[in-house]
Amino acid sequence: MGIPVRIHYTLWFVFLLIAWSLAYGYMPREYPGLDVATYWEIGIVSAIILFASILIHELSHSYIAKKNGLPIARITLFFFGGVSEMTEEPHDPGLEVRMALAGPLMSFLIAGVFGAFWCVGELARAPIAATATLRYGALINAVLGAFNLLPAFPVDGGRLLRGSIWMRTKNLVRATMMATRVSEILSLVMIGGGLVIVVFGDFIDGIWTVFLGWFIRSGAETSMRQTLVGEALSGVTVEDIMTRDALTVPPDITVQQLVSDYFLVHRHGGYPVVKDEQILGIITLQCVRSIPKEKRELTTVREAMVPCERTVMVRPTLSALNALHIMARENVGRVLVVEESRLLGIVTRGDLMRTIRTKQQLEA
Ligand SMILES: [Zn+2]
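Reference entry: report on the structure contained in this document. (Residues numbered from 1 in each chain as written. Predicted model: local features only at pLDDT ≥ 70, side-chain atom pairs only at ≥ 80, totals over all residues. Heavy atoms only, no water.)

### Focus: the sheet that holds strand E5 (residues 270-275)
Put simply, the rule is: Strand pairing is defined by DSSP finding a minimum of two bridges between the two strands. Each helix is a run of DSSP H or I of at least 4 residues and each strand a run of E of at least 2, with the numbering of both proceeding from the N terminus.
Taken in spatial order, the three strands of this open sheet run E5-E6-E7, and their pairing is antiparallel. A single partner strand is all that each edge strand has here, and the edge strands are E5 and strand E7 (306-307). Two elements, strand E6 (residues 278-284) and E7, share two bridges in a ladder whose sense is antiparallel. Among the inter-strand pairings, Ile 282 is bridged to a residue of E7, identified as Val 306.

### Let's talk about the pattern of salt bridges
Basically, it comes down to this: For this document, the term salt bridge refers to a Lys or Arg side-chain nitrogen within 4 Å of an Asp or Glu carboxyl oxygen.
Enumeration according to the criterion identifies six salt bridges in this entry. One salt bridge connects Asp 252 with Lys 275, and the closest N-O pair in it is separated by 3.3 Å. On the criterion of sequence distance, the pair formed by Asp 252 in the loop between strand E4 (243-244) and helix H9 (255-263) and Lys 275 in strand E5 is long-range, its members being 23 residues apart. Ionic pairing is found between Arg 302 and Asp 252, a salt bridge with its closest N-O pair at 3.8 Å. Here Arg 302, found in helix H11 (residues 301-304), pairs with Asp 252, found in the loop between E4 and H9; they are 50 residues apart in sequence, far enough to count as distant.

### Points about the coordination of the zinc ion
Basically, it comes down to this: Shown as donors are all N, O and S atoms within 2.8 Å of a metal ion, widened to 3.2 Å for Na, K and Ca; because water is not in the atom set, sites may appear incomplete. Buried, partly exposed and exposed residues are distinguished by accessible area as a fraction of the type maximum, computed with a 1.4 Å probe on protein chains only: under 20%, between the cut-offs, and over 50%, respectively.
Coordination of the zinc ion by the protein is provided by His 57 (NE2), His 61 (NE2), Asp 156 (OD) and Asp 156 (OD), with metal-donor distances spanning 2.0 to 2.5 Å. Written as a sequence motif, the donor arrangement for the zinc ion is H-x3-H-x94-D. Linking His 57 with His 61, this pair stays in helix H2 (residues 36-67), spanning four residues, or about one helical turn. Pair check on accessibility: His 57 and His 61 agree, each one buried.

### Focus on the packing of aromatic side chains
Applicable threshold: Only Phe, Tyr and Trp rings take part, Trp by its six-membered ring, and two of them pair if their centres are within 6.5 Å. Stacked means planes under 30 degrees apart, edge-to-face means over 60, and tilted covers everything else.
Considering all chains together, one arrives at nine aromatic pairs under this definition. Plain terms: the ring middles of Phe 211 and Trp 214 are 5.8 Å apart, the flat faces sit at 0° to each other, and that makes the pair stacked. Here Phe 211 pairs with Trp 214, and both are found in helix H7 (residues 203-233), just three residues apart, close to one helical turn. For Phe 211, a relative accessible area of 30% gives the class partly exposed. A centroid spacing of 5.3 Å and a plane angle of 65° characterise the contact between Phe 263 and Tyr 271, whose relative ring orientation is edge-to-face. Take Phe 263: its relative accessible area is 11%, and that puts it in the buried class. When its relative accessible area of 1% is taken as the criterion, Tyr 271 is described as buried. In this structure an aromatic cluster arises from ring pairing among Trp 20, Tyr 24 and Trp 40.

### Some points on the layout of surface pockets
For the record, the criterion: Residues are called lining when one of their atoms sits within 4 Å of a cavity or pocket point, these points coming from a 1 Å grid over the protein atoms alone, where a cavity is a set in which a 1.4 Å probe fits but cannot get out and a pocket is an open set with protein on both sides within 12 Å along at least five of seven lines. Grid points are joined across faces, edges and corners, and a volume is the space filled by probe spheres set on the points. For this classification, Asp, Glu, Lys and Arg are treated as charged, while Ala, Val, Leu, Ile, Met, Phe, Trp, Tyr, Cys and Pro are nonpolar and the rest, including Gly, are polar.
Considered as a void within the structure, the second largest pocket measures approximately 330 Å³ in volume. Taken together, 13 residues line the second largest pocket, and the ones lying closest to its centre are Thr 284, Gln 286, Val 306, Asn 331 and Val 332. Split by residue class, the lining of the second largest pocket holds five nonpolar, five polar and three charged.

### Here we look at the side chain of Asn 141
Counted only if it meets this: Should any heavy atoms of two residues lie within 4.5 Å, those residues are considered in contact.
Counting through the fold element by element, Asn 141 comes out in helix H4 (residues 128-148). You can call Asn 141 buried: its relative accessible area is 0%. Setting aside residues no more than four positions away along its own chain, Asn 141 makes contact with Ser 53, Ser 107, Ile 110, Ala 111 and Phe 114.

Given below as structure tokens:
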């Protein structure tokens, strides 16, 4: 589907942990009397099935997103499972609901397929190693589907809940607030319940429940923040908030001159480097910092700057929200606004933050 899949290094630990706990805990308990090598085989194959299932679950979200024109930057598999990184949020509640449902439905479908093979395997008296693995595939996918239907951010059920409230109220912010509240209540119940289990029941189960509760709590906060930022910046373009007639720097002065004539005089943290109307790059405080003090008299701005191939340039019609995403992705604090290779202005992360804050204060 043209979506890059990334494996975060934490996944390998979890992979080993899961294979190990299946080989030493779960499988010997369910199917006693096999030898160690067989338990390890079952454990490793089952762990592969688990992560493949998670990937297919994520791909089904991405498939619906792509089909409806929402770009997916990448899928990352990590410690807690998988996440599809969207660069845009769905624009209508129907799409959000369909996208959220696709994952859990796919998990239940995979569970059904494994379940069917397991039944056939049992009837045909297949080796225990095979039936044990098939049964695990069915169980784990059913659990995956059910867990993701919890009505809480950041799992699919949270989006499902928000999408359905959004559909009814036609108000995204209100829907997010209500879904966030439900998530918070659920996370408190899980954290509280987990602590009770720690004291009166199984320690590991309890810690696990507390951990999931905390995971849901932080996911809910992130969703709320993202929605508020998106709302504050909706309809705002880069052109609306950019600094026009930005102060530019010639490429041939020394870094020392740049410091004394620009950085110490004006309040900006970076300047476009321009000669004869042509953009050569951008020079920031960070560039200056990387030049040792004694070399600043000898180094020119042209040598110290970020050249234009690596300078982030955007069109004036770009939405401010997308500019924010680009800055985060490229890890830069400012972008140049350019039209037909002519410099129109500059937008910094600070400009965006100010706009968000002002809009939020006006709303409140
Ligand atoms: Zn999902």
